Amino acid sequence: MIKEIQVRVNLQEESQKDILILKATQKLGITSNEISAIKVLRKSIDARKATIIFNYKVAVYINEPIPETTNYTFEFKDVSKAKEVHIIGFGPAGMFAALRCIELGFKPIVLERGKKVQERRRDLKAINQDHNVNEDSNYCFGEGGAGTYSDGKLYTRSLKRGDVRRVFENFVFHGATQQILIDAHPHIGTNKLPKVVENIRETILKYGGEIHFESRVVDFIIKNNTLKALQLQNGNEIAVNRVILATGHSARDIYYLLHKKEIALEAKSFAMGVRVEHPQHIIDSIQYHCTGERNELLPAAAYSLVQQIKGRGVYSFCMCPGGFIVPAATANGEVVVNGMSPSKRNNHFANSGVVVEINVDEDLHKYEQFGVLKGLEYQKDLEKLAFTAGGRSQTAPAQRLTDFVDGKLSTNLNDCSYQPGLKSAPLHSLLPKIIGGRLRTGFKYFGEKLRGYHTSEANIVGVESRTSSPVNIPRKENLEHPEINGLFPCGEGGGYAGGIVSAAMDGERCAEAAVAGL
Ligand SMILES: Cc1cc2nc3c(=O)[nH]c(=O)nc-3n(C[C@H](O)[C@H](O)[C@H](O)COP(=O)(O)OP(=O)(O)OC[C@H]3O[C@@H](n4cnc5c(N)ncnc54)[C@H](O)[C@@H]3O)c2cc1C
């Protein structure tokens, strides 16, 4: 017999061997001899009160062996001679679209502008050390897309858009830790992601798919409203039948191309702001009610904050405990920051985006001339502003949090994890008021919600501008573009995802849609 139960374990108990067996015997009124195994299904930490509790959901196997297989199997087929589906972009959406094509018996041919993960590392080093951004290979572009050198948090709210568990199992199948199947806030970590991405590449190649790196798509050849061929930057033209467009929301050239060809796009609301960085011990002491070092059984603490200010949400985004701030620009002449953390989350800093909702219909009147690309142009201008304020390199403009709120230039800054360095800048006056004003009020509220958060020991760093797509590429019910037969907009670039898991799920859905009737 298998019984699923909830178990509460306090911090002292957590280090005890076999505590879950003990708790199960107490809860079920059975002896430990009757328990053949305990499988943890879910684990979360409740630190709201002084006594910290680990909440477990466990399956207790009573006189019953634990099954060795999972419910999820991936039956990849030999697709070397199968009908082809072209996929532009090898981020989470493109990778999962390719894997799903193989399961469905179709051959994915992936075209990716960037390089393989290992080669990509050199280009990341060049950004951090030489301030030189390779426009095809950076923190957003290259094998695994923006997901590779990301934080690898797998939390998603898009539970209705697909099978989240299937995505997790697929990550585990390709080398991610089993722990992601259990944790309430699963996280792979930037040090582990490249290997998982490489393993996904190996699966695709092993079963007969193709992946072409350094193959930027620069044009679509369309005849009678049907996508007939793709043109690559090297001049090659590739005949196509079904194309999944999974280029992410940093691929502005793709939006410009579609717009130039008068292919329907829509402006979409999005969010922008700054990244805030605290010493991790401050966040630990707030969240775990401790002084000094946190207990070794506790992970680096996280937070999630939201406040409505003058009709717009101001909220924390992509919080990275024990992480780093990274330069996520995709072109020279712009500064964009984002965050990531290693699997152990053992860096000394806690960073998070703190962003303001931008309502594309009400907030961007000065950009109306750009039509559906108004959000994109606004985003670009903010990134250029950060570049200029940072000193015209990848050095980012920054301010002490308290100075930003008080409207003062910082005479000096705190240490920071951002490798290209910081330059003190008056972000309180440089940021557009709809963003800067709301952020300043928002941080005051956040300081009331988390005592100690509003501190001069924190920096804010500009700008966090790539939280989500400012453009939507429309699609019909069958996920095809309403005007172009054979084109399936997908993932974050299409406006259908806001993170790794939702992009992966959308990739799977687009693969299913693209092969229908082939
Ligand atoms: C630093 C950082 C940290 C992040 N942390 C997290 C996190 O912890 N959790 C989370 O859920 N999300 C995180 N994200 C966001 C997440 O990475 C994205 O939501 C996700 O990668 C989107 O997937 P995608 O496949 O739609 O697009 P992308 O990952 O952007 O992939 C698009 C791919 O298309 C390629 N491409 C673009 N244009 C062309 C072209 N013309 N021709 C050929 N190829 C092209 C690009 O090179 C890229 O590889 C983070 C992002 C960054 C930058």
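Residues numbered from 1 in each chain as written. Predicted model: local features only at pLDDT ≥ 70, side-chain atom pairs only at ≥ 80, totals over all residues. Heavy atoms only, no water.

## Describing the pairing of strand β20 (residues 459-464)
Reasoning step 1: A large share of β20 lies buried, amounting to six of its six residues.
Reasoning step 2: Across five bridges, the pairing between strand β12 (residues 270-279) and β20 is antiparallel. The residue of β20 that forms the bridge with E277 is N459.
Reasoning step 3: Pairing geometry for strand β18 (residues 396-400) and β20, over three bridges, is antiparallel. Each residue of the ladder has a partner; that of Q399, found in β20, is I460. (Buried < 20%, exposed > 50% of the residue type's maximum accessible area, 1.4 Å probe, protein only. Helix = DSSP H or I, 4+ residues; strand = E, 2+ residues; numbered from the N terminus. Pairing = 2+ DSSP bridges.)

## What about helix α12 (residues 433-449)?
Reasoning step 1: Between its first and last C-alpha atoms α12 spans 24 Å; for 17 residues at 1.5 Å apiece the expected length is 24 Å, and the two agree.
Reasoning step 2: Taken residue by residue, α12 has I435, G436, R438, L439, G442, F443, F446 and G447 as its buried positions. (Expected span 1.5 Å × (residues − 1).)

## A look at the site of the ligand
Reasoning step 1: As a matter of local geometry, the ligand sits amid 38 residues, with A93, E112, A146, E492 and I500 nearest to it.
Reasoning step 2: At 2.8 Å, a backbone N or O of A93 approaches an oxygen atom of the ligand.
Reasoning step 3: When the ligand sits alone it has 1000 Å² of accessible area, and the protein chains cover 95% of it.
Reasoning step 4: Put simply, the parts of the chain that give the shell around the ligand at least two residues each are α3 (92-104), β16 (337-340), α13 (491-494) and α14 (500-515).
Reasoning step 5: Taken together, the residues that form the shell around the ligand break down as 17 nonpolar, 15 polar and six charged. (Near = heavy atom within 4 Å. Polar contact = N/O pair within 3.5 Å; in protein donor to acceptor, adjacent residues only side chain to side chain. Areas by Shrake-Rupley, 256 points an atom, 1.4 Å probe, with all protein chains shown as cover. Nonpolar A, V, L, I, M, F, W, Y, C, P; charged D, E, K, R; others polar.)

## Considerations on the packing of aromatic side chains
Reasoning step 1: Taken as a whole and judged by the stated rule, the model has twelve aromatic pairs.
Reasoning step 2: Between the aromatic rings of Y303 and Y453, the centroid separation amounts to 5.1 Å while the plane-to-plane angle is 85 degrees, which identifies the pairing as edge-to-face. Of this pair, Y303 sits in the loop between α8 (280-288) and β13 (306-309) while Y453 sits in the loop between α12 and β20, and the two are 150 residues apart along the sequence. Judged on exposure class, the residue Y303 and its partner Y453 are both buried.
Reasoning step 3: In this arrangement the basic side chain of R475 is found over the ring face of Y496, its NZ or CZ atom lying 3.6 Å from the centre. (Phe/Tyr/Trp six-rings, centres within 6.5 Å; stacked < 30°, edge-to-face > 60°. Lys NZ or Arg CZ within 6 Å of the ring centre and 35° of its normal.)

## Examining the pairing of strand β8 (residues 226-232)
Reasoning step 1: When strand β7 (residues 217-223) meets β8, the two strands line up antiparallel, connected through six bridges. Directly across from I221, in β8, lies its bridge partner A229.
Reasoning step 2: Bridge analysis of β8 against strand β9 (residues 237-239) gives three bridges, and the strand direction is antiparallel. Bridged to L230 within β9 is I238.
Reasoning step 3: The hairpin turn running from β8 into β9, its antiparallel successor, is four residues long, and G235 in that turn takes a positive phi close to 95 degrees.

## Looking at the nonpolar core
Reasoning step 1: By size, the foremost hydrophobic cluster in this structure holds 85 residues, and its most contacted members are F171, F220, L230 and I244.
Reasoning step 2: For this core, the leading source of residues is α14, giving ten residues.
Reasoning step 3: When residues no more than four places from it in sequence are discounted, the contact partners of F171 are F96, L154, A176, I180, I188, V196 and I500. (Core = buried A, V, L, I, M, F, W, Y, C linked by side-chain atoms within 4.5 Å. Contact = heavy atoms within 4.5 Å.)

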